[in-house]
Amino acid sequence: ALVWGTHAPAEHTIPNGRIRETLQITAESEELISFRQQFEFPNQTLTSSSTLRFLSRSRIEELIVRSGLVTRELFGDWDRSSFEPKQSLEMIFITG
C-alpha cells in the first residue's frame, strides 16, 4: 500500500485531446487507504473517490484457511511471476 502515495500526475493522449490523471491520498488508517482520482478531459473533469483495504499476506492466508480453502500458489503479479515480499506490488492467491 505504500506505493499508492507515489503516483505522479499522468497525461494520456486520446483522439480528441489529452487527459490529465491525478491521484491524491485523502486518508490512511491501518488496512484502509482512501483516495481521490481525477481525470481532466478537454471539456470536463471527472472525480472518483474510493477506499481500498490492503490486507497483509498473513491475514489473507488466515482468511483462506478459515474459509476451508488452501493456498495452491501465490504470485507477485498478473504475469504469474513469483511473489517477492519486498518487491512484488501484487499478491495473487490461487486457492482450492
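In the block above lies the structure referred to throughout.
The paragraphs below set out a description of the structure included in this document. (Residues numbered from 1 in each chain as written. Predicted model: local features only at pLDDT ≥ 70, side-chain atom pairs only at ≥ 80, totals over all residues. Heavy atoms only, no water.)

1. Observations regarding the pattern of salt bridges
For the record, the criterion: One side-chain nitrogen of Lys or Arg within 4 Å of one carboxyl oxygen of Asp or Glu is enough to make a salt bridge. A run of DSSP states H or I qualifies as a helix once it reaches four residues; a run of E qualifies as a strand once it reaches two. Both are numbered from the N-terminal end. Accessibility here uses a 1.4 Å probe with only protein chains present; expressed as a share of the type maximum, an area under 20% marks a residue as buried, one over 50% as exposed, and anything in between as partly exposed.
With the rule as written, the count across this model stands at 5 salt bridges. Linking E31 and R53 is a salt bridge whose minimum nitrogen-to-oxygen distance equals 3.3 Å. Taken together, the residues E31 in the loop between β2 (17–29) and β3 (32–40) and R53 in strand β4 (residues 45–53) connect sequence positions 22 residues apart. Owing to a relative accessible area of 30%, E31 belongs among the partly exposed residues under this scheme. A relative accessible area of 55% means that R53 is categorised as exposed.

2. Points about the pairing of β2
Where we set the bar: Here, strands pair whenever DSSP counts at least two bridges between them.
Across 5 bridges, strand β1 (residues 10–14) lies against β2 in antiparallel orientation. Counterpart to E11 in the pairing with β2 is R20. Following β1, the chain reverses through 2 residues before pairing antiparallel with β2. In this sheet, β3 lies alongside β2 in antiparallel orientation, the contact comprising 9 bridges. Across the sheet, the residue bridging to Q24 is R36, located in β3. If you look at the hairpin formed by β2 and β3, you'll find 2 residues sitting between the two strands, and E30 has a positive phi there, around 50°.

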